[in-house]
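# Chain and residue survey
As a plain string of letters, each chain reads:
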Amino acid sequence: MVGSVLLTFFGLLLITFLIGRVVPVDPVLSAVGDRASHDTYEQARRELGLHLPLWEQFVNYVLQVLRGELGKSVLTANTVVDDIKRVFPATLELATTATFFGVALGVPMGVVAAVNQGRWPDQLVRLLGLFGYSMPVFWLGLMGLLLFYGILDIAAAPGRLDFANLDVVETWTGLILLDAALQNEWEIFFDALHHLILPAAVLGYFSLAYISRMTRSFMLEQLRQEYVTTARVKGLSEARVVWRHALGNVMVPLITVIALSYANLLEGSVLTETVFAWPGLGLYLTSSLLAADMNAVLGATLVVGVIFIGINLLSDLLYKLVDPRAK
Amino acid sequence: MTVLRAWLTADTPSSRNHARAIQAYLSWRALASNPLTVIGLLIVVALVIFAILAPWIAPRSPIAQDLTQRFISPGAEYWFGTDEFGRDILSRILYGARVTLYIVVLVAVTAAPVGLLVGTVAGYFGGWADVVLMRVTDIFLAFPRLILALAFVSALGPGIENAVLAIALTAWPPYARIARAETLTIRSSDFIAAVRLQGASGSRIILGHVVPLCSSSMIVRVTLDMAGVILTAAGLGFLGLGAQPPLSEWGAMVSSGRRYLLDFWWVATIPGLAIFVVSLGFNLLGDGLRDVLDPKSS
């Protein structure tokens, strides 16, 4: 398993390297400017290692990444690593809250749907899921803003905090909710929460669609098993049979599903962050894209890929830990 | 009519084509018995018709600007209202159906055969071919799709062709996985052994025997996937990396309407609704097709 993870990581590096090579932007020109003399140009080219054969450039790239260097961002003039460290907590906060929504609502909905298979609660959950699979996330975000911010005026404006509350709490973890709570700034805490709820709910809807669908199908399989009949025959209440016995066994495969949906939220967060002006990894990626800031784009892509692989690995390990049969 | 129906439901087919006709008819009946599938089918058919007939049924030009007619709300004159340049949103939606259909069709005809070929070759030959091909597939699967497409488009430059290429590059791996799994069960069946004993070559067995048997689960998967393709394409368009103006792409329309969201809600809302409806159509149709063609997996 370690070998396959390493190989996937290697493939990831190869893809980002090759993408970086075919870009129409000349990295030398963007470093020295288009009025540089031929000599300066050649010198810069050598300094960047671009005169070397392609495979050697790739080896250098891999070594560089392993040392934790992703180059400099042209847009922010910081190193890409520093930039990503700065923006990542915002995405983490958003995706975690969204997953929390998805699990807290999706699992019970899936259970209720399975228990009432074929009846209206089941159809309702199925419809909600179908809508989730069919709706563009950026559009749902805009509709949420229109309704809750524009018309009802109960949600906060886009962004992580009100303008007046920016830079009040010190950045410790980068998670504003946590930082504010630790520093006893409860006004900031509730302002941050107010800003977080709508984007997290929008994003969470997509993990709800996936989690409820999977919970339903896992539950249907469990409810057919003989131990369920045994539990009923023993005289256990139906609630206990469903929520304790059947759901308990569903929790194991659900771990994988929740991990996968968490990883998928990274993708949804690119568009959600753009809509809600949420200063996270997704917004960083898209604004670098539009500025043709290739170091930043490839760095962010690589980081997302690594997180994706990491989450998958983690869910595999957890699965083995929880389910003795998987050994 | 009754003669035809009797012929189509006969228990004993009289010829190969008769058997095919019976099977097609029975599948159709199963499909048509589910109202949600029929709705999905109608949506997809409507997309195709609107896309083809857009120049004849669109009431106005999708690109002609008329600044005296800006932001007119939906009504009798402009059914879906007008946008910030006074362009008729209904006409832009109808022409946008062409862009969507173009992307969907191109992705389907490029990604599906590539995935099918990779999966069947890996599954049939096994050994090194299997290890290498599936490893490559896994690497592509390890990336979130939209992010990989974004990185590709950033390298290739924005535009509808590059968007199609980027989406197709990210769409084939799941097909390869499915085709490989199917091939593994088909490979060990007796009739393949018989064909092999008759001296058929590997390529002949794959193309003539394995690929046709994989096709029904492939059709289901491709149909279900088209919803995701539409959403990815719309996402690229929303970020300004998809089809470029003056083409009217739905995602880009939402993006430009976004600036006026709170004052003129329809400019962003209606194109997004179009994306939603078409993508829902493919999902409903795909679900229905799966129940009919591939009952095991539902």
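Residues numbered from 1 in each chain as written. Chains lettered and ligands numbered in written order. Predicted model: local features only at pLDDT ≥ 70, side-chain atom pairs only at ≥ 80, totals over all residues. Heavy atoms only, no water.

## Notes on the overall build of chain A
A count of helices and strands for chain A gives 13 helices and zero strands. Here the C-alpha coordinates of chain A stretch approximately 85 × 50 × 40 Å along the principal axes. Of all 327 residues assigned to chain A, the portion counted as buried reaches 46%. For chain A, long-range pairs separated by at least 24 residues make up 70% of all intrachain contacts whose partners lie at least 6 apart in sequence. Counting every atom, chain A has about 16,500 Å² of accessible surface; 64% of that belongs to carbon and sulfur. One finds the centroid of the 21 positive side-chain charges in chain A at a distance of 14 Å from the centroid of its 27 negative side-chain charges. (Helix = DSSP H or I, 4+ residues; strand = E, 2+ residues; numbered from the N terminus. Buried < 20%, exposed > 50% of the residue type's maximum accessible area, 1.4 Å probe, protein only. Contact = heavy atoms within 4.5 Å. Areas by Shrake-Rupley, 256 points an atom, 1.4 Å probe, with all protein chains shown as cover. Lys, Arg positive; Asp, Glu negative; His and termini not counted. Charge placed at Lys NZ, Arg CZ, Asp CG, Glu CD.)

## Things to note about the domain arrangement of chain A
All names here are of chain A. Assigned domains within chain A: domain 1 (2-66) and domain 2 (80-326). Each of domain 1 and domain 2 has a C-alpha centre, and these two points are 35 Å apart. Facing the twelve residues of domain 1 at the interface are nine residues of domain 2. Summing both partners gives a buried area of about 820 Å² for domain 1 against domain 2, and 94% of it is carried by carbon and sulfur. Applying the counting rule to domain 1 against domain 2 returns zero salt bridges. Connecting domain 1 to domain 2 are zero residue pairs in polar contact (both at pLDDT 80 or more). Taken together, the elements giving at least two residues each to the side of domain 1 that touches domain 2 come down to helix 1 (2-22) and helix 4 (54-66). Top contributing element to the side of domain 1 that touches domain 2 by residue count: helix 1, with eight residues. (Domains from an automatic or database assignment. Buried area = accessible area lost by both parts, 1.4 Å probe. Salt bridge = Lys/Arg side-chain N within 4 Å of Asp/Glu carboxyl O. Polar contact = N/O pair within 3.5 Å; in protein donor to acceptor, adjacent residues only side chain to side chain.)

## Side note on the interface of chain B and chain A
At the interface, 41 residues of chain B touch 43 residues of chain A. Both faces combined, the contact of chain B with chain A buries some 3,800 Å², and carbon together with sulfur accounts for 80% of it. In terms of surface lost to chain A, no three residues of chain B exceed Phe143, Ile147 and Phe276 of chain B, which account for 16% of the buried area on that side. Summed over the shared surface of chain B and chain A, the result is two salt bridges. The partner of Arg126 of chain A in a salt bridge is Asp287 of chain B, and the shortest N-O contact between them spans 3.4 Å. On inspection of chain B and its partner chain A, the count reaches five residue pairs in polar contact (both at pLDDT 80 or more). Elements with a contribution of two residues or more to the side of chain B that touches chain A: helix 5 (127-141), helix 6 (145-156), helix 9 (202-238), helix 10 (250-257) and helix 11 (266-293) of chain B.

## Digging into the packing of helix 1 of chain A against helix 4 of chain A
Residue and element names in this part refer to chain A. Here helix 1 crosses helix 4 at 120°, and the two axes come no closer than 10 Å. The orientation of helix 1 with respect to helix 4, classified from their angle, is oblique. Helix 1 and helix 4 meet at a crossing whose hand is right-handed. Touching Phe9, Phe10, Leu13, Leu14, Thr16, Phe17 and Arg21 of helix 1 are Leu54, Gln57, Phe58, Tyr61, Val62, Val65 and Leu66, all from helix 4. Along the lines of polarity and charge, the residues of the contact of helix 1 with helix 4 split into eleven nonpolar, two polar and one charged. (Axes fitted to C-alpha atoms, helices over the stretch in contact; angles between N-to-C directions. Parallel < 35°, antiparallel > 145°, perpendicular 65-115°, else oblique. Left-handed = near helix turned anticlockwise from the far one by under 90°. Nonpolar A, V, L, I, M, F, W, Y, C, P; charged D, E, K, R; others polar.)

## Digging into the side chain of Thr82 of chain B
Considering the arrangement of structural elements, one finds Thr82 of chain B in the loop between helix 3 (35-57) and helix 4 (89-125). Leaving out residues up to four positions away in the same chain, Thr82 of chain B has contacts with Gln69, Arg70, Phe71, Ile72, Arg87, Asp88, Ile89, Trp266 and Val267 of chain B.

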